[in-house]
Structures are given as structure tokens and as C-alpha cells.
Amino acid sequence: MRGLVLGLPPGLDAALAGFLGLLIGSFLNVVIYRLPKMMERQWAAECAEFSGKELEEAETFNLVRPRSRCSSCGHVIAWYENIPVLSYLFLKGKCSVCGTKFGWRYPLIEAVTGALFFFCAWRWGLTYTGLAWSGFAAALLVLAVIDWDTTLLPDDITLPLLWAGLIVAAVGWNPPVSLTNALWGAVAGYLSLWLVYWAFKLATSKEGMGYGDFKLFAALGAWFGWSALVPMILMASVVGAVVGIAMKFSSGLREGGYVPFGPFLAGAGFTAMVFGPQSILRFVGL
């Protein structure tokens with residue numbers, strides 16, 4: 001049976017998943033914006049508690065509250081102004097009250113999520129496997145954008161993604177990857193970058209990457225197995241180096257000269273999901 005929903009033609013299940021992806025993409029925009037700020041608030045609270053200071057009580061701020069609003073005038077976004085992609089086009093990318101422009105990334109994230117969900121349902125149907133890979137794609141997209149913006153890879157996403165890869169392998173929803181393969185993929189993914197991190201730090205007294213990169217690579221190992229790690233790290237390294245050099249020559253590097261590695265790991269993960277891990281070797285010319 002191709003799908004969990006009975007009676008749907010092969011093309012309609014993908015269209016339904018794509019529509020669901022648009023809705024979820026709207027929520028992913030909230031996660032991308034709010035999760036780093038939630039982490040900052042948590043760190044501030046922990047520092048205040050450690051130092052014995054009282055932290056001023058602030059407005060509830062999580063993934064649900066407060067409702068989305070214009071950052072310029074504070075206008076609360078109505079439901080009909082928050083329809084994925086369509087509302088952005090109808091409002092011409094502006095606040096309906098003050099006319100402040102919204103970023104083009106909002107509809108782009110929604111559209112990309114819809115396309116990823118469409119692909120997963122088209123390839124695997126509305127099956128547990130298709131749902132699992134849709135969740136994988138959504139988490140990877142969020143991690144890539146957050147890391148690019150903030151150089152953070154939140155444990156709230158990387159660790160569940162890692163555990164999900166192991167669970168999916170254990171229950172047989174990812175047939176090409178056995179639980180043993182997924183387990184050793186996670187171990188090898190984490191340890192490989194951990195060793196690179198310490199070798200670089202001992203040689204230069206600098207930190208070349210963060211611990212979030214280890215966890216993300218471990219998660220990719222859990223989803224694709226240990227044999228996919230070499231192609232993925234090759235692709236991420238090559239593309240990351242090219243982009244980093246281009247940004248350096250164009251004076252596009254942020255303060256400190258850092259280029260986050262997470263988006264390039266995520267790009268390798270997406271490539272492996274769509275084309276297969278071995279296609280990456282052909283991509284890098286091996």
C-alpha cells in the first residue's frame with residue numbers, strides 16, 4: 001500500500017503533503033525566529049540565578065505566545081494575513097497597518113518546506129517512511145537557517161533528530177539503514193568531528209567549530225548510516241570552503257570571520273536524501 005490515506009491517487013497524496021508542508025513552513029518561520037531568543041532568555045535567567053540577581057519578570061515568550069506581530073508597529077497578525085505564501089503576495093510583503101516590509105525569507109521557507117514535503121510523499125507516499133523523512137527535512141531546514149543566522153545549532157532540535165534517526169531505523173521505517181548501521185553512523189559522525197575539533201584546537205589554540213556540528217553530523221549518520229558520512233563531509237567541506245573564500249573576497253564575512261558549518265552539513269543531508277549519498281561523490285568529482 002502506497003499511502004496511509006486510502007483511496008488517494010499517487011499524485012494527490014504528494015499534493016496533500018505539499019499543502020501540509022506550506023502550513024508547517026509557516027510554523028518553522030516562528031521556530032527559526034523565536035527559538036534562539038528563547039535560548040538567550042534562558043541563558044540570562046541561568047546567569048542571574050547563578051549570580052544571585054533577580055531577573056525582571058518579562059512577557060511570556062515561547063513558540064506559541066505572544067501571537068505573531070509586526071516588529072515595527074506591533075500590529076497583531078490576523079489569521080487571514082498569515083496564510084502561507086498567499087498572504088505575503090496579497091499584502092505585497094508589507095504590514096497592512098504601517099507598511100513595513102517583511103522579509104522575503106518568510107514565504108521562501110514556506111515554499112521550500114512545501115516542496116520538501118511534496119518530494120517525500122512523491123517518493124515514499126503517505127507512509128510512515130514518507131512522514132519520517134518529511135520530519136527530517138523540516139528539522140534540517142530549521143537547523144540550517146538558525147545556524148546561518150546565529151551560529152547556533154540548538155540541542156532542542158539536533159538531539160531529537162539524532163534519536164529519531166535511531167528510532168526510525170529500529171522500527172524499519174528507513175529500510176536501507178539497519179539499527180546497527182544507524183548506531184555506528186551516529187557514533188562515527190560525532191567522534192569524527194570531535195577529533196577534528198580537538199586536533200585543530202591543539203594545533204592553533206582556536207575552536208574551529210562548535211559542539212552542535214558534532215551532534216548534527218551524528219544525526220546525519222543515524223539517518224543515512226556510517227557509509228554515507230565520508231561523502232557528506234566531503235561535500236560540506238568543499239562547498240563550505242568555496243562559499244567561505246567567496247565571502248572573504250567580497251567582505252561578506254561576519255565579525256570574527258566565522259562561517260557556520262551547519263548549513264553545509266544540512267545541504268549535504270538534503271543532497272543525500274534526494275539523490276542518495278553516493279551521488280555526492282560524483283558531485284565532488286570522486
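Residues numbered from 1 in each chain as written. Predicted model: local features only at pLDDT ≥ 70, side-chain atom pairs only at ≥ 80, totals over all residues. Heavy atoms only, no water.

### Some thoughts on the pattern of salt bridges
Two side chains carrying opposite charge are able to pair once their charged atoms lie near each other.
Thought 1: Counted under the stated rule, the structure contains three salt bridges.
Thought 2: Between Arg 105 and Asp 149 there is a salt bridge, with the nearest N and O atoms lying 2.7 Å from each other. One end of the pair, Arg 105, is in helix α3 (residues 105–124); the other, Asp 149, is in helix α4 (residues 128–150), with 44 residues separating them in the sequence.
Thought 3: Its relative accessible area of 32% is what places Arg 105 among the partly exposed residues.
Thought 4: By relative accessible area, Asp 149 is classed as partly exposed at 36%.
Thought 5: Across the pair Lys 215 and Asp 155 runs a salt bridge whose closest N-O atoms are separated by 2.8 Å. Residue Lys 215 is found in helix α7 (residues 211–224), and its partner Asp 155 is found in helix α5 (residues 155–170); the two are separated by 60 residues along the sequence. (Salt bridge = Lys/Arg side-chain N within 4 Å of Asp/Glu carboxyl O. Helix = DSSP H or I, 4+ residues; strand = E, 2+ residues; numbered from the N terminus. Buried < 20%, exposed > 50% of the residue type's maximum accessible area, 1.4 Å probe, protein only.)

### Observations regarding the packing of helix α8 (residues 229–249) against helix α9 (residues 262–275)
Thought 1: For the pair α8 and α9, interaxial distance at closest approach is 8 Å and the crossing angle is 130°. Between α8 and α9, the crossing angle belongs to the class labelled oblique. Crossing of α8 over α9 shows right-handed handedness. Residues Met 232, Ile 233, Met 235, Ala 236, Val 239, Gly 240 and Val 243 of α8 touch α9, and the partners they reach there are Phe 264, Leu 265, Gly 267, Ala 268, Gly 269, Thr 271 and Ala 272.
Thought 2: When its residues are assigned to classes, the contact of α8 with α9 shows 10 nonpolar, four polar and no charged. (Axes fitted to C-alpha atoms, helices over the stretch in contact; angles between N-to-C directions. Parallel < 35°, antiparallel > 145°, perpendicular 65-115°, else oblique. Left-handed = near helix turned anticlockwise from the far one by under 90°. Contact = heavy atoms within 4.5 Å. Nonpolar A, V, L, I, M, F, W, Y, C, P; charged D, E, K, R; others polar.)

Such coordinate-based values are descriptive only and should not be taken to indicate function.
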